[in-house]
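One letter stands for each residue in the lines below.
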Amino acid sequence: MNKLKLSTYIAAEDLQKKVNEMGATLTKKFKDKKAIAVCVLKGSFVFYSDLIRSIDTDITCEFFGVSSYQGNTQSSGEVKVTLDLSVPIEGEHVILIEDIVDTGITMNYLKASLLARKPKSLTTVALLEKPEALKVPCEIDLVGFKIPNDFVVGYGLDYQGYYRNLPYIAQVQNFQ
Ligand code: IMP
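None of the values given here were measured: they were computed from a predicted structure.

> How do you make sense of the nonpolar core when you look at a structure like this?
The nonpolar side chains of a soluble globular protein tend to be buried, and buried together. Ranked by internal contacts, the top residues of the largest apolar core, which has 27 residues, are F47, L51, V125, L128 and I169. Elements with a contribution of two residues or more to this core: α1 (12-29), β2 (34-41), α2 (45-52), β5 (93-101), β6 (121-129) and β7 (142-146).

Right under this line is the structure:
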């Protein structure tokens, strides 16, 4: 396995605090409504599982698998669907939950793909956004942290498949 030199970028307690705030915002927005919370695999699964537990309203869970990095640290610019939703979303409130928006290509692809299915509403959520890395305009309704254009791992985010299980977000100091 790659041994990267990591430095803590966002500590576990700070992540939990932010996730709880985001959950409270979504609870308020979807009070007395039903919504489908869509987890974008693989990177969002840790953030997603914490976030849905801080949303106090009726939600069902769906999973959408996409791959855009294919193990690298640069987006390939092509989005490949690896797992589609298991239910139609027409007429439903949908909350799309992403780990990180880098170039914006994946989020734009996901938005277009879900909007084409005619949901009643689509709310986009990302834990992290790298505004300097955006290559296409991309508006996100709810963002946890804006970060510089550095590669980060942990809390679901990987480098070559590893480091997803770190309980905090780390910056990588030494790429080979
Ligand atoms: P985008 O299409 O360039 O915005 O890339 C989005 C996807 O790339 C995210 O869903 C992540 O899976 C991955 N990604 C982007 N930046 C990072 C990073 O710093 N670390 C790990 N994965 C990243």
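> I keep staring at α2 and nothing clicks. Help me out?
Since there are 3.6 residues in each turn of an α-helix, residues three or four apart along the chain are aligned in direction. Here α2 has its buried residues at V46, F47, Y48, D50 and L51. Those residues of α2 that are buried lie in contact with α1, β2, β3 (58-67), β5 and β6.

> What am I meant to see in the pairing of β2 here?
In regular strands, side chains alternate between the two faces of the sheet. Within β2, 6 of the 8 residues are buried, which leaves the element mostly enclosed by the surrounding structure. Pairing between β2 and β3: 8 bridges, direction parallel. When the sheet's bridge partners are listed, K34 is paired in β3 with D58. Judged from the 5 bridges that link them, β2 and β5 form a sheet pairing that is parallel. What sits directly across from V38, in β5, is L96.

> I would appreciate a short explanation of the sheet that holds β3 in the present structure.
Sheet strands line up and pair through hydrogen bonds in the backbone, either parallel or antiparallel. Read from one edge of the open sheet, 6 strands run β4-β3-β2-β5-β6-β7, paired in mixed fashion. Taken across any chain shown, the strands that pair with only one partner, and hence form the sheet edges, are β4 (80-83) and β7. Pairwise comparison of adjacent strand axes, ignoring direction, gives a mean angle of 25 degrees for this sheet. In the packing of α1 onto the sheet, the strands contacted are β5, β6 and β7, and the crossing angle to β7 comes to about 160 degrees. The sheet strands contacting helix α3 (residues 105-115) are β2, β3, β4, β5 and β6, and the helix crosses β5 at an angle near 165 degrees.

> Can you walk me through the pattern of salt bridges in this structure?
Should their charged atoms come close, side chains of opposite charge can pair. All chains considered together, the criterion is met by 7 salt bridges. Residues K18 and E21 are paired through a salt bridge, measuring 3.7 Å at the closest nitrogen-oxygen approach. On the criterion of helical spacing, the pair formed by K18 and E21 is a turn pair, its members being 3 residues apart in helix α1. When the shortest N-O distance is used, the salt bridge between D32 and K31 registers 3.7 Å. Judged on exposure class, the residue D32 and its partner K31 are both exposed.

Cut-offs and rules
- Residues numbered from 1 in each chain as written.
- Predicted model: local features only at pLDDT ≥ 70, side-chain atom pairs only at ≥ 80, totals over all residues.
- Heavy atoms only, no water.
- Core = buried A, V, L, I, M, F, W, Y, C linked by side-chain atoms within 4.5 Å.
- Buried < 20%, exposed > 50% of the residue type's maximum accessible area, 1.4 Å probe, protein only.
- Helix = DSSP H or I, 4+ residues; strand = E, 2+ residues; numbered from the N terminus.
- Contact = heavy atoms within 4.5 Å.
- Pairing = 2+ DSSP bridges.
- Axes fitted to C-alpha atoms, helices over the stretch in contact; angles between N-to-C directions.
- Salt bridge = Lys/Arg side-chain N within 4 Å of Asp/Glu carboxyl O.

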